[in-house]
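So the chains spell out like this:
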Amino acid sequence: MAEAPAKRITDIGPPHYEKFLPPIVKKNYGKWNYHEILKPGVMVHTAESGDKLYTVRAASPRLIAVDTLRMFADLADKYCGGHLRFTSRNNVEFLLTDPSKIDALIADLAQEGFPVGGLGAEISNIVHTQGWVHCHSAATDASGVVKSVMDALMPYFKGEKRLPAKTRVALACCLNMCGAVHCSDIAILGVHTRPPKVKHDVLKKMCEIPTTVASCPTGAIRPGNVDGFESVTVEEKLCMYCANCYTVCPAMPLNNPDTDGLSIWVGGKVSNARSEPRFSKLAIPFLPNNPPRWPEVVQAVTNIIEVYAANARNFERIGDWIERIGWPKFFRLTGIQFTRYHIDDFKHAGWTYKRSTHIKFEQ
Amino acid sequence: MAEAPAKRITDIGPPHYEKFLPPIVKKNYGKWNYHEILKPGVMVHTAESGDKLYTVRAASPRLIAVDTLRMFADLADKYCGGHLRFTSRNNVEFLLTDPSKIDALIADLAQEGFPVGGLGAEISNIVHTQGWVHCHSAATDASGVVKSVMDALMPYFKGEKRLPAKTRVALACCLNMCGAVHCSDIAILGVHTRPPKVKHDVLKKMCEIPTTVASCPTGAIRPGNVDGFESVTVEEKLCMYCANCYTVCPAMPLNNPDTDGLSIWVGGKVSNARSEPRFSKLAIPFLPNNPPRWPEVVQAVTNIIEVYAANARNFERIGDWIERIGWPKFFRLTGIQFTRYHIDDFKHAGWTYKRSTHIKFEQ
Amino acid sequence: MAKRETPMLDELRKGPYPSFVNEMYKVQGRKPMVQDLLGQLEDSYEQRIGHWKHGGIVGVMGYGGGVIGRYSDLPDKYPNVAHFHTMRINQPAGWFYTSQALRTLADIWERHGSGLTNMHGSTGDIIFLGTTTDELEPTFQELTAAGFDLGGSGSCMRTPSACVGPARCEWACYDTLKLCYNLTQDFQDELHRPMFPYKFKFKCAGCPNDCVASIARADMSIIGTWKDAIRIDQAEVEKYAKAGLDIENAVVAKCPSQCMSYNGKLKIDDGECVHCMHCINVMPKALRPGQERGATILLGSKAPIMEGALLSSVIVPFIAIDDPDEYEQFKELVRRIWEFWDENGKNRERIGELIQRLGMATFLDAVGLDPEPEMISAPRDNPYIFFQPEGEEA
Amino acid sequence: MAKRETPMLDELRKGPYPSFVNEMYKVQGRKPMVQDLLGQLEDSYEQRIGHWKHGGIVGVMGYGGGVIGRYSDLPDKYPNVAHFHTMRINQPAGWFYTSQALRTLADIWERHGSGLTNMHGSTGDIIFLGTTTDELEPTFQELTAAGFDLGGSGSCMRTPSACVGPARCEWACYDTLKLCYNLTQDFQDELHRPMFPYKFKFKCAGCPNDCVASIARADMSIIGTWKDAIRIDQAEVEKYAKAGLDIENAVVAKCPSQCMSYNGKLKIDDGECVHCMHCINVMPKALRPGQERGATILLGSKAPIMEGALLSSVIVPFIAIDDPDEYEQFKELVRRIWEFWDENGKNRERIGELIQRLGMATFLDAVGLDPEPEMISAPRDNPYIFFQPEGEEA
Ligand code: SRM
Ligand code: SRM
Ligand code: SRM
Ligand code: SRM
Ligand code: SF4
Ligand code: SF4
Ligand code: SF4
Ligand code: SF4
Ligand code: SF4
Ligand code: SF4
Ligand code: SF4
Ligand code: SF4
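Heads up: these notes are all about the structure in this document. What you see is a predicted model, and the numbers here were worked out from it, not measured in a lab.

### Concerning the overall build of chain A
Part 1: Summing up its helical and strand segments, chain A has ten helices and twelve strands in all.
Part 2: Expressed along its principal axes, the backbone C-alpha trace of chain A runs to roughly 75 × 75 × 35 Å.
Part 3: Each of the 363 residues in chain A was classed as buried or not, and the buried ones make up 66%.
Part 4: Counting only carbon and sulfur atoms, one obtains 53% of the accessible surface of chain A, whose full area is about 12000 Å².
Part 5: Here chain A contributes 43 positive and 36 negative side-chain charges, whose respective centroids are spaced 4 Å apart.

Pasting the structure below:
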C-alpha cells in the first residue's frame, strides 16, 4: 500500500497500561500478599501494605454492543472509581476498594443480565470464536452453542453446584482452533466430514496451485489438468477434512449443512498445577449441527461434567481424573461409545497404542 | 532347492518338552504354590502337594564347547537325575529334589569355573549376540565386552553387593539389536559413526538398486549413474549409520576400526511390574572400541550401577529411579555429560521435548 | 426495508447467561448493518451453514495487518453486510481500562462501525466487529489520535498478551505487563508489517498456573518461576489445618514430586520441587514462591494445522527478566530465533514445526544455546544418531 | 601349521566370569576350525574390526532357513573358517534337557562341526556355531534322526519360545510350554519355508513379569493374566509383616494403581488392579493370581530397523487359551493377521510397522476385531479423523 503521510500517527502501540491501573494497584504493584475467595465471583487480594482490593467477576458473552461497554463504564464509575478489566477468558472484572459496595454492584449487574461467578473451581466463561457471525471457515456457530451450553451450566458458574477443580470449557468452530480447544477440560470443536468440492473455475482465478497442494497435511491434493486448464484434484481417501486447503484457496469449500457437525474432546489442561499440561482427547467424534439450541451438544457436555463431579477427587482436573481411573472406565461411566475414530491414526499414532498389560477388568 | 527324498525326515519340530521334564515337574505341573530364594543362585519352589524343587543357577558365557555340555550332563546325572534347563538369559539351571546335594553341586561348578548366582535382585547374565565371532555386521565384539563387564560385576551376580531391584544388562553389536537391548536397565550397543563406502563394482554384481535405496530409513540413498553404470550414492548428511543398507547390500560396508565404537543406554525394562515396560534411553553416545578389556565400557557400566545402587529405593528399576529423580539429576549424579546427541531428532522427536515448566533447580 | 423475522435467534435471547443476540438487538435499531447481520445469521441457523466469503486483502495505509476482510455471499439479500470487516485493536496489557477509555472506544465504533465488539479476541485484541472498507482508515485515525493502535494479523508478530500479573496477583514471578508492553512497543514493525513465514505469538504468564494459556497458545511462552525455596509461614499453615484443611491429602499427597511432608510442621525438599504451584494454590496465605524469581522460556505451541497441535517446549530453563540488560539479552534471543526461522522456515510453517523438522540440536546451535537436560523429558530411545566429526571424543 | 599366538584373547581367559575363550581352548586342540577362529578373532581384536563376509544362501534340502551362511574375508590366512556357517536348532519348549539329550547334541556336533555352540540364541534356538557347507545336510539328518529339527531364519515364522511357566512357576496363567510347542508344530511350514514379508516371532510369557521379554522381542506377545480377584492368604501376609516386611511401603505404596490398603489386613480393590504382579512378586506365599486365567495378546514389538523400535501393543485384552477350541480360535486369528500382512506388508516391513502405517482401526477391521479402549493408552488428540460414510451416526 502507499506510504502514509508524515502527520499521520502510526506504530504507537497500545496505551501504556499504567494509565489504566487503579491507584491501589499502582501503590501495591508487585506487592500482593495473598487472596481469598469471599463468595461466588468475589475475591479479595491483600497487599503487604494491608490494602485490600476486591474483585467482582461477571459473565460476558464476549460479543457485546458498545451500549454494554458504556453500561460497564457507568457501573465502574458508580462503584470503583471507573476501574475495571477483562480476563483472559473474556469475563469482566470490577476492581473495588470498598467492600460495602459489592452487593449493590452485583445487584445492578444482575439487573442488566450479567450474573456474577466463575471463580476458583467454578465453570468460567467458554473461550470461543467467531462461527457464523463472522468467519468463512466455520463448521458450526460459536456464540449460539456457547450460549446454549452456558445456560445449562449456570449452576456451576454461580457456585450453586460444586466441582472438584477448575473446569475449562472451550469451543472452536473449525480445526484452525482459534479457541485453542486443544488443551481444555472439555472442548467443543466444529468438524467437516466430507472432502472439499473443487471449484475449478474459481481456482484458476484465485489460487496458486503449488500453495494449495502444499497445504494438505496428508498430501491428498494433486496438481492435475482438469478439462483443459491446470487445477487440482483431491484423493478423497486421503482427506480428513481439515480445511487447510480451503484456508489458502477459496475454491475448495467443505461446508455442508448435513455433514458438518461438532465433536467433543476432554481431559486437556494448560496449567502446570500438579500434572503437566495436557492435550484434550477425543470423547465424541460427531454430533449434529442442531440450531438454535444444539441439544445434543448441551446434553453431552452436561453429562460429562456431572459424571466428573460425581466421581473425581478434589483437585483432580478432568484429565487427572481420567488418568487415574483409565479411559475404559471413563467410557463406561459416561456411557459414551468407543469407536474406531477414537484410535489415533495420524503421524504419531503408535504412541497411543497400549504397550503394556496394565489392564483393569471389571469385577 | 531340490525336493527332499521321501525317506528323509523333515518338519518334525523339536522334541516334545515333556520328554525332558523331571518327574517332580510332571507330577506338580501347573500346581506350584510359591517359591523362596534360599541363597545367591539357589531357590526352592514348593508345590501344592508339598513337594519341593530346588534350582541352582550357574553363570554361562553362552558360547560353550560340547565338552562343557558333557560336563553339565555329568553334573546333572550326579546331582539331579540328569535334569537341567537353560534360562531365557542363557544361564544353566540344575533341578534338584535333594537339598543336601546343593552345596556339593555348587562346589563342583566352582571347580569347573561356573559360579552360581544371578537370582532375584542380582545381576544376571548379559543377553548378547555374535560380534566378531560370527557376524559380518558387528561394530564391536560381543563375547569379549560381556566377559570384561561381567568380571567387574561378579560381586552383584554373586549377591555380595546388593541392588535395589533386578538389573538387566544387554549387549548388541550393531543397530539390528539382536540382543534386544532396547528395553534393558543398561544396554551396550555397538555403533558405526561414518556413512557406508559404496563399492560400486561389488554393488552391480550383488545388489538390487531399488531394495538398497528402499532400505534407508532416512532416504539418504539415491540411485545414480556412477562412472558408466547404474549404482547408488549416499547423501552423507542424511546418514545416521544404521547399516540397514549394508544388511541388504554387501557393497555398502560401514565397519571402521577408528570410528566404530559403543554407546550406553539406560532405564529400559520389559516386565509390567509396577511401571509399564519402557525403552532404554541414551546415556553415553560413544565409547571407543578398546579390546581386549574395553576399560571405558566397564568403567561406564560399573559407575552407573554403583550410583544407582547408592541412590535408588527398593524395588526401583533403574528407569523407575530416573523417572523419580529426573534426567538432569541422573546426569549430575553419574557425572555423564549431556550433549546434543541426547536430544532425539528422529521421527517422533517432538515427544521427548519438555513441554511443561516442571523443572527442578539445585538448592 | 422491513426487518426479517429471526425466530431461531430469538430463542437465544432467553436463559440466564447473557445473550449475544440481545447485544445485537441493543444496536440493531440504529444500525442497519446489524439488522442484516441478524438476518443473515438467521439464514445460517435455518440452513446450518455460514454465509461469509473468504476475506480479500483490506487494511489501513502502511500496515499489512490488523484488519480481517469479510464479505457476505448473500450481498443482494443483505446489502449492509456486503462488507463486514473486522478490526483488531491492540489491547492494553492485562486488559485494564478506565471507564473513560471504554467510552472513547465505544464512541469511535459508534461512529464508524457496527457497534458490536468482542472483548476480547482469543489472541487478546479488542475486536471491532464489522465495518466497510471506507471506514477503516477513518476509524484507524481516530483510534491513534485517542492513543490506540491496531493489533496483528497475517504472517507477522501477533499482539502479545499477559496475565494480570503483579497488578493484582501475589504469585507473579516477573512483571508480565511490563514485558508485554515492552515487546509490543519494540516490535511495532514486526507487528504491523507481516514479513515472517507465518504468525508468531507471545504470551506472558507470571507463574506456572499460566493464566494466559501461553504454553498452549503462544509460539513463545514466557512463564514465571523461581529458583530458591518456597517461603513457608508455619503459623498460617497451622491456621489452615485448624480451619479444617486436610493438609496431608489435599497438599502433601498431591505434590507431583512427593517432596513435601507434614507433621504439625510443613517441610519441603525444595531441590525436588518442580514448581507446579499446587501447594501454594491451596494455601496462598501460608506459602509463597521464593524470591530468586524469573521465567522459563518455552517455544512452539500452536493449533493442529498442519503437523498437529503442539505445546511449547523449554529452551531456557531459567532467566532473570527484570532490568534493561536482561530485557535486551532476551530480545536478542528473540531476534536470533526469528532469523533462524526466516532462513529455514517454509511458508506457513510455525517455529515449533520447524524445530521438529530440523531437530532441536540444530536449532540450539543456530541460536547459540547449549543443550541442557531440562529441555527434554527423556533422552532419545532410538540409536539413529547423526554423529558429527567431533562425535568420537564425546 | 603352527598355531597363531593370541595374547589379547588370552587376556580374557582370566577373571571370575566363565570365559568364552576357554571354551574355544577346550576344543581347539582337536578342531583346526576353532584354531583358525581364534586366529581370525585375534586379528579382529588387534585391528578392531570384524573379518566375516555377508552370508550367501546355504541350507539343507527342502528348507528355506535354519542356517546362517558365513564366510571369512581372510580365507587364505584362515582356510579352516573359509566356511563357518551357523545352524539354528529348534530348542525344546522351556529349554529343558536331559543329560542324555545334551550328549546326543554334543556328539552330533563333535562329528560335524566346530564343537562350539550357543546355549541359546536370542530367539531361543540352540546354535551350532560354525561348519562347512558339506556338513549341513549330514548334520541335519542326524539331528532329525535324533528327534531334533531346525529353527527359523529369514522371512518366516521364527522359532517360538516360552518361559518356564507351569513347569516350575507358580504364577503361570496359561500353559506356555504347551502353546509354544503347539504353535511350533502346527506352523512347521511357515517356520521352515520363508514366505512372509519379513520375520515373525512368537514369545509366550506366563504372566505380566514377562520372563521371555515377549513384549519387547516378539511380533506376537502372549502374556498370561487373570480376570478375577488376587487370592490373599491373610495369615501369610501376617507372617511377612512379622518377618519384617514393611508392607505399607514395600507393597501398598508401590502399587501403580493405588488400589491396596493395609491395616493388619490386606485389602485389594480388584476392579482397579492393573495386574502388574508387584504385590504378588513381593509376597509369593501370601498372594496368588486369581483363578479365571488366560492371556493378553499383544502385537508388533521389534528392534529399531527401520522405523524405530516398538513394544507390542494390546489387540486382545483377554482370552482364555487352554482347550482345543480356544487354541483353534487363537490360531485362526494368527492366520488372519498373517493374511493381512501378506496382502499389505512391504518387503522387510514388520507387522508392527505395517499397523502403524495403515492404522490400528484398519487392521482391526481386516482381522475382525472390535475396537476396545483397552487397546490404547489414550484416544487421539488430533482432529484429523477419517470419517466413514456412517460416521455421522456415530
Ligand atoms: C483473571 C485471570 C488472569 C487474567 O489475567 O485474566 C486469572 C486469575 C487467577 N487465577 Fe488463573 N486466571 C485466569 C485464567 C486462567 C487460565 C487460562 C484459561 O483458563 O484459559 C488458567 C489455565 C487453565 C487450565 O489449566 O486449563 C488458569 C489457571 C489457574 C490455576 C490452576 C488451576 C489448576 O488447578 O489447574 C490457578 C490456581 C487455583 O485456581 O488454585 C489459578 C489461580 C488464579 C488466581 C487465584 C491467581 C491470584 O492469586 O490472583 C486468580 C483468580 C482466581 C480465579 O479462579 O480466577 N489460575 N487461570 C484469568 C481469569 C479467567 C476467567 O475469566 O475465568
Ligand atoms: C528362569 C527365568 C524364566 C525362564 O524361563 O528362563 C525367570 C524365572 C523367574 N522370574 Fe523372571 N525369569 C527369567 C527372566 C526374566 C526376564 C527376561 C529377561 O531378563 O530378559 C524378565 C524381564 C526383565 C525386565 O523387566 O527387563 C524377568 C522379570 C521378572 C520379574 C519382574 C522384576 C521387576 O521387578 O521388574 C520377576 C518378579 C521378581 O523378581 O520379583 C520375576 C520372577 C521370576 C521368578 C521368581 C518366578 C518364579 O516364581 O519362579 C523366577 C526365578 C527368580 C529369578 O529372579 O530369576 N521375573 N524375568 C528367566 C531367568 C533369566 C536369568 O537367567 O536370569
Ligand atoms: C478472531 C480470532 C477468533 C476469535 O473470535 O477470537 C481468530 C480468527 C481467525 N483465525 Fe485464528 N483467530 C484468533 C485466535 C487464534 C488462536 C488463539 C490464540 O491466539 O491464542 C489460535 C490458536 C493458537 C495458534 O496460534 O495456533 C488461532 C489459530 C488459527 C489458525 C491455525 C494456525 C495454526 O498454525 O494451526 C488459523 C489458520 C491460518 O492461520 O490460516 C487461523 C485463522 C483465522 C482466521 C483469520 C480465518 C482464516 O483462515 O483466515 C479467522 C478470522 C475470523 C474472522 O472472520 O474474524 N487462526 N487463532 C482470534 C484473534 C483475535 C485477536 O486478535 O485477539
Ligand atoms: C543369532 C542371533 C544373535 C545371537 O547371537 O543370539 C541373531 C543373529 C543375526 N541377526 Fe538377529 N539374531 C538373533 C536374534 C534377534 C533378536 C532377539 C530375539 O529374537 O528375541 C532381534 C530383536 C528382535 C526383533 O526381532 O526385532 C534380532 C533382530 C535382528 C534384525 C533387526 C530386525 C528388525 O526388524 O529390526 C536383523 C536385521 C535383518 O533382519 O535383516 C537381524 C539379523 C541378524 C543376522 C542374520 C545378520 C544379518 O543382517 O543377516 C545375524 C546373523 C549373525 C550370525 O552370523 O550368526 N536380527 N535378532 C539371534 C538368533 C538366534 C536364534 O535363532 O535363537
Ligand atoms: S476456529 Fe475456524 S471458523 Fe472459528 S474463527 Fe477460527 S478460523 Fe474461523
Ligand atoms: S481438507 Fe485437509 S486433508 Fe482434505 S484435502 Fe483439504 S487440506 Fe487435505
Ligand atoms: S546385533 Fe548386529 S552384529 Fe550383532 S549379531 Fe545381530 S546383526 Fe550381527
Ligand atoms: S547406514 Fe543407514 S542411514 Fe546410512 S545410508 Fe545406510 S541405511 Fe541409510
Ligand atoms: S499466571 Fe500466575 S501470576 Fe499470572 S495471574 Fe495466573 S496465577 Fe497470577
Ligand atoms: S510447588 Fe508443587 S512440586 Fe513444589 S512442593 Fe508445591 S506441590 Fe510440590
Ligand atoms: S513370566 Fe511369569 S509365569 Fe513365566 S516364569 Fe516369569 S514369572 Fe513365571
Ligand atoms: S498386582 Fe499390581 S496393581 Fe494389582 S494390586 Fe498388586 S500391586 Fe496393585
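### Considering the site of ligand 9
Part 1: Neighbouring ligand 9 are the residues C:Cys163, C:Val164, C:Cys169, C:Trp171, C:Ala172, C:Gly206, C:Cys207, C:Asn209, C:Asp210 and C:Cys211.
Part 2: Among the residues forming the shell around ligand 9, the class breakdown is seven nonpolar, two polar and one charged.

### Brief notes about the site of ligand 10
Part 1: The full set of residues close to ligand 10 is C:Ile230, C:Cys255, C:Pro256, C:Ser257, C:Cys259, C:Met260, C:Cys273, C:Val274, C:His275, C:Cys276, C:Met277 and C:Cys279.
Part 2: A per-class count over the shell around ligand 10 returns ten nonpolar, two polar and no charged.

### Let's talk about the coordination of the iron atom of ligand 1
Part 1: For the iron atom of ligand 1, the protein contributes exactly one donor atom, C:Cys211 (SG), at 2.3 Å.
Part 2: With respect to the helices and strands, the residue C:Cys211 is situated in the loop between strand S9 (202-205) and helix H8 (214-217).

### A short note on the interface of chain B and chain D
Part 1: Taken together, the 122 residues of chain B in the interface contact 120 residues of chain D.
Part 2: For the pairing of chain B and chain D, the buried interface totals around 10300 Å² over both sides, and the portion due to carbon and sulfur atoms is 60%.
Part 3: The interface formed by chain B and chain D contains 13 salt bridges.
Part 4: Among the salt bridges present, the one from B:Asp67 reaches D:Arg30, with a minimum N-O distance of 2.9 Å.
Part 5: Remark: the boundary between chain B and chain D carries 67 residue pairs in polar contact (both at pLDDT 80 or more).
Part 6: Among the residues forming the side of chain B that touches chain D, the class breakdown is 60 nonpolar, 39 polar and 23 charged.

### Brief notes about the packing of helix H4 (residues 143-157) of chain A against helix H8 (residues 295-311) of chain A
Residue and element names in this part refer to chain A.
Part 1: Relative orientation of the contacting elements H4 and H8 amounts to 30°, with a least axis distance of 9 Å. Overall, the two elements H4 and H8 adopt an arrangement that is roughly parallel. Crossing of H4 against H8: the hand is right-handed. The residues of H8 that touch H4, namely those facing Val145, Ser148, Val149, Ala152, Leu153 and Tyr156, are Val297, Val298, Val301, Thr302, Ile305 and Glu306.
Part 2: Within the contact of H4 with H8, the residues separate by chemical class into nine nonpolar, two polar and one charged.

### Some details on the sheet that holds strand S2 (residues 67-68) of chain C
The pairing of strands in a sheet happens through backbone hydrogen bonds and is either parallel or antiparallel.
Part 1: The five strands are arranged S4(A)-S6(C)-S7(C)-S4(C)-S2(C) in an open sheet whose pairing can be described as antiparallel. Either end of the sheet is taken by a strand with one partner, and the two such strands are strand S4 (63-65) of chain A together with S2 of chain C.
Part 2: In this structure, S4(A) lies alongside strand S6 (residues 116-119) of chain C, joined through three bridges in antiparallel fashion. Note that in S6(C) the partner of A:Ala65 across the bridge is C:Leu116.

### Overview of the pattern of salt bridges
Residues and elements named next belong to chain A.
Part 1: Applying the stated criterion across every chain, the model contains 102 salt bridges over all chains.
Part 2: We note a salt bridge from Lys39 to Asp103, for which the minimum N-O separation is 2.6 Å. A residue pair is termed long-range when its members are at least 10 positions apart, and Lys39 in strand S1 (residues 32-39) and Asp103 in helix H3 (residues 102-112) qualify at 64 residues.
Part 3: Taking the relative accessible area as the measure of exposure, Lys39 reaches 34% and is therefore partly exposed.
Part 4: Residue classification places Asp103 among the partly exposed residues on the basis of a relative accessible area of 48%.

### Observations regarding helix H9 (residues 318-325) of chain B
All names here are of chain B.
Part 1: Within H9, six of the eight residues are buried, which leaves the element mostly enclosed by the surrounding structure.
Part 2: In this fold, the buried residues of H9 make contact with strand S8 (186-191), strand S11 (261-266), helix H8 (295-311) and helix H10 (327-334).
Part 3: Note on H9: the residue one or two positions beyond its end, Gly326, has a positive phi of about 90°.

### Examining the packing of H9(B) against H10(B)
Packed helices, taken two at a time, are described by the angle between their axes plus the distance between the axes.
Residues and elements named next belong to chain B.
Part 1: Interaxial distance between H9 and H10 falls to 6 Å at its minimum, and their mutual angle equals 110°. Classed by the angle they form, the pair H9 and H10 counts as roughly perpendicular. Note on element contacts: H10 touches H9 through Trp327, Lys329, Phe330 and Leu333, opposite Trp321, Ile322 and Ile325.
Part 2: In terms of residue class, the contact of H9 with H10 is made up of six nonpolar, no polar and one charged.

### Some points on the interface of chain D and chain C
Part 1: Facing the six residues of chain D at the interface are six residues of chain C.
Part 2: The contact between chain D and chain C buries some 430 Å² in all, and 65% of this surface belongs to carbon and sulfur atoms.
Part 3: Taken together, the links from chain D to chain C amount to zero salt bridges.
Part 4: At the surface where chain D touches chain C, the tally comes to four residue pairs in polar contact (both at pLDDT 80 or more).
Part 5: Along the lines of polarity and charge, the residues of the side of chain D that touches chain C split into five nonpolar, one polar and no charged.

### Examining the environment of C:Gln329
Residues and elements named next belong to chain C.
Part 1: Note that Gln329 resides in helix H12 (residues 324-344).
Part 2: The exposed category is assigned to Gln329, whose relative accessible area is 57%.
Part 3: In this structure, the C-alpha to C-alpha distance between Gln329 and Pro138, residues 191 residues apart in sequence, is 39 Å.

### Some details on the state of the cysteines
Residue and element names in this part refer to chain B.
Part 1: Counted under the stated rule, the structure contains two disulfides over all chains.
Part 2: Between the sulfur atoms of Cys207 and its disulfide mate Cys249 the distance is 2.2 Å. What sets the handedness of the Cys207 and Cys249 disulfide is the S-S torsion sign, and at about 80° it is right-handed. With Cys207 in the loop between helix H5 (200-206) and helix H6 (209-214) and Cys249 in the loop between helix H7 (244-248) and S11, the pair connects residues that are 42 residues apart, well separated along the chain. Pair check on accessibility: Cys207 and Cys249 agree, each one buried.

### Examining the packing of aromatic side chains
Aromatic rings considered in pairs are described by the distance between their centres and by the relative angle of their planes.
Part 1: A full pass over the atoms with the stated rule returns 63 aromatic pairs over all chains.
Part 2: Residues B:Trp294 and D:Tyr45 carry aromatic rings whose centres are separated by 5.4 Å and whose planes lie at 85° to one another, so their mutual orientation is edge-to-face. With B:Trp294 in the loop between strand S12 (281-288) and H8 and D:Tyr45 in helix H3 (residues 32-47), this pair bridges two chains. Across the pair, D:Tyr45 and B:Trp294 agree in class, each one buried.
Part 3: Consider the rings of D:Trp52 and D:Phe84, whose centres lie 5.3 Å apart with planes at 10°: the pair is stacked. With D:Trp52 in strand S1 (residues 52-53) and D:Phe84 in the loop between strand S3 (71-72) and strand S4 (85-89), the pair connects residues that are 32 residues apart, well separated along the chain.
Part 4: A residue is classified by how much of its surface remains accessible, and D:Phe84, at 0% relative accessible area, is buried.
Part 5: In this structure an aromatic cluster arises from ring pairing among A:Phe20, A:Phe72, A:Phe86, A:Phe94, A:Phe114 and C:Tyr97.
Part 6: Against the face of C:Phe96 rests A:Arg85, its NZ or CZ located 5.3 Å from the ring centre.

### Comments concerning helix H9 (residues 234-242) of chain D
Residue and element names in this part refer to chain D.
Part 1: Taken residue by residue, H9 has Glu236, Val237 and Tyr240 as its buried positions. Taken end-on, H9 shows its buried residues confined to a sector of 105°, consistent with a single buried face. Every exposed residue of H9 that faces more than 90 degrees away from the buried side is listed here: Lys239 and Lys242.
Part 2: In this structure, the buried side of H9 is in contact with strand S11 (231-232), helix H10 (247-251), strand S12 (260-263), strand S13 (265-268) and helix H11 (278-282).
Part 3: Where H9 begins, one side-chain oxygen reaches toward the backbone nitrogen of Ala235, 3.1 Å away; that side chain belongs to Asp233.
Part 4: Count one or two residues on from H9 and you reach Gly244, which has phi positive near 105°.

### What to know about the sheet that holds S8(B)
Residues and elements named next belong to chain B.
Part 1: Ordered in space as S7-S8-S11-S12, the four strands form an open sheet in which the pairing is mixed. One side of each edge strand has no neighbouring strand; the edge strands of this open sheet are strand S7 (169-172) and S12. Taking each pair of neighbouring strands and ignoring which way they run, the sheet shows an average axis angle of 20°.
Part 2: Judged from the four bridges that link them, S7 and S8 form a sheet pairing that is parallel. Residue pairing in the sheet places Leu171 in a bridge with Ile188 of S8.

Rules of the game
Residues numbered from 1 in each chain as written. Chains lettered and ligands numbered in written order. Predicted model: local features only at pLDDT ≥ 70, side-chain atom pairs only at ≥ 80, totals over all residues. Heavy atoms only, no water. Helix = DSSP H or I, 4+ residues; strand = E, 2+ residues; numbered from the N terminus. Buried < 20%, exposed > 50% of the residue type's maximum accessible area, 1.4 Å probe, protein only. Areas by Shrake-Rupley, 256 points an atom, 1.4 Å probe, with all protein chains shown as cover. Lys, Arg positive; Asp, Glu negative; His and termini not counted. Charge placed at Lys NZ, Arg CZ, Asp CG, Glu CD. Near = heavy atom within 4 Å. Nonpolar A, V, L, I, M, F, W, Y, C, P; charged D, E, K, R; others polar. Donors = N, O, S within 2.8 Å, 3.2 Å for Na, K, Ca; no water. Contact = heavy atoms within 4.5 Å. Buried area = accessible area lost by both parts, 1.4 Å probe. Salt bridge = Lys/Arg side-chain N within 4 Å of Asp/Glu carboxyl O. Polar contact = N/O pair within 3.5 Å; in protein donor to acceptor, adjacent residues only side chain to side chain. Axes fitted to C-alpha atoms, helices over the stretch in contact; angles between N-to-C directions. Parallel < 35°, antiparallel > 145°, perpendicular 65-115°, else oblique. Left-handed = near helix turned anticlockwise from the far one by under 90°. Pairing = 2+ DSSP bridges. Disulfide = S-S within 2.5 Å. Phe/Tyr/Trp six-rings, centres within 6.5 Å; stacked < 30°, edge-to-face > 60°. Lys NZ or Arg CZ within 6 Å of the ring centre and 35° of its normal. Arc of directions from axis to C-beta.

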